[in-house]
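This is what each chain is made of:
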Amino acid sequence: MKEFLKTTIVGGVLFLLPVALVLLVLNHVFQFAAKAVRPVSHSLHFDHTVAGIGSATVLTILLLVIVSFAAGMIARTRTGGRISGWLERSFLGGLPQYQ
C-alpha cells in the first residue's frame with residue numbers, strides 16, 4: 001500500500017509538472033501580448049466588453065492566433081524545419097516526457 005501511494009504521487013507530479021509549465025508559459029505570453037495590444041485597443045476606443053470579455057482580450061487572442069499561424073507557416077519552410085529540428089534535439093530532446 002505504501003509503495004502504491006508513493007508511485008501514484010510521483011506519477012501525478014510527473015504528469016502535472018509539464019501541464020503547469022505550459023500554463024505558466026502561456027500566462028506569460030498572454031500578459032506580454034496584452035501589453036502590446038493595450039495601446040492599440042485604447043487608441044481605437046475598444047474599451048467595451050462583449051459577453052463579459054473585454055475587447056482588449058479579444059484582440060490579444062487574435063494577435064496570438066496570428067502569431068501562431070505565422071510561426072506555423074515559417075516552420076513549414078526548409079529553414080524553419082532546420083530550426084525546429086535543432087530545438088528538438090538540443091533543448092527538448094533531453095526531456096523524457098517529450099520523447
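Use the structure listed above.
Residues numbered from 1 in each chain as written. Predicted model: local features only at pLDDT ≥ 70, side-chain atom pairs only at ≥ 80, totals over all residues. Heavy atoms only, no water.

### Quick notes on the overall build of the protein
Piece 1. When you go through the protein residue by residue, the secondary structure sums to three helices and two strands.
Piece 2. The secondary structure elements of the protein, listed N-terminal to C-terminal, are α-β-β-α-α.
Piece 3. Entry remark: accessible area of the protein is about 8400 Å², with carbon and sulfur atoms responsible for 74%. (Helix = DSSP H or I, 4+ residues; strand = E, 2+ residues; numbered from the N terminus. Areas by Shrake-Rupley, 256 points an atom, 1.4 Å probe, with all protein chains shown as cover.)

### Some thoughts on a nonpolar patch on the surface
Piece 1. A contiguous nonpolar surface patch, about 610 Å² in accessible area, is contributed by Phe-15, Leu-16, Val-19, Val-22, Leu-23 and Leu-26.
Piece 2. When its relative accessible area of 48% is taken as the criterion, Val-22 is described as partly exposed. (Patch = residues over 30% accessible without salt bridge, like charges linked within 9 Å, V, L, I, M, F, W, Y side chains within 5 Å. Salt bridge = Lys/Arg side-chain N within 4 Å of Asp/Glu carboxyl O. Buried < 20%, exposed > 50% of the residue type's maximum accessible area, 1.4 Å probe, protein only.)

### Focus: the environment of Gly-85
Piece 1. With respect to the helices and strands, the residue Gly-85 is situated in helix H3 (residues 78-90).
Piece 2. Considering only alpha carbons, one finds Gly-85 and Ala-75, ten residues apart in sequence, at a separation of 9.9 Å.

### Things to note about the packing of helix H1 (residues 2-43) against helix H2 (residues 55-75)
Piece 1. Contact pair H1 / H2: the axes reach a minimum separation of 8 Å and the direction vectors enclose 120 degrees. It follows from the interaxial angle that H1 and H2 lie oblique. Like other packed secondary-structure pairs, H1 and H2 cross with a definite hand, here right-handed. Contacts between H1 and H2 involve Val-29, Phe-30, Ala-33, Ala-34, Val-37 and Ser-41 from the first element and Ala-56, Thr-57, Leu-59, Thr-60, Ile-61, Leu-63 and Leu-64 from the second. (Axes fitted to C-alpha atoms, helices over the stretch in contact; angles between N-to-C directions. Parallel < 35°, antiparallel > 145°, perpendicular 65-115°, else oblique. Left-handed = near helix turned anticlockwise from the far one by under 90°. Contact = heavy atoms within 4.5 Å.)

### Quick notes on the side chain of Thr-60
Piece 1. Inspection of the secondary structure puts Thr-60 in helix H2.
Piece 2. Reaching out from Thr-60, the side chain makes a polar contact with the backbone oxygen of Ala-56 at a distance of 2.7 Å.
Piece 3. When residues no more than four places from it in sequence are discounted, the contact partners of Thr-60 are Phe-30, Ala-33, Ala-34 and Val-37. (Polar contact = N/O pair within 3.5 Å; in protein donor to acceptor, adjacent residues only side chain to side chain.)

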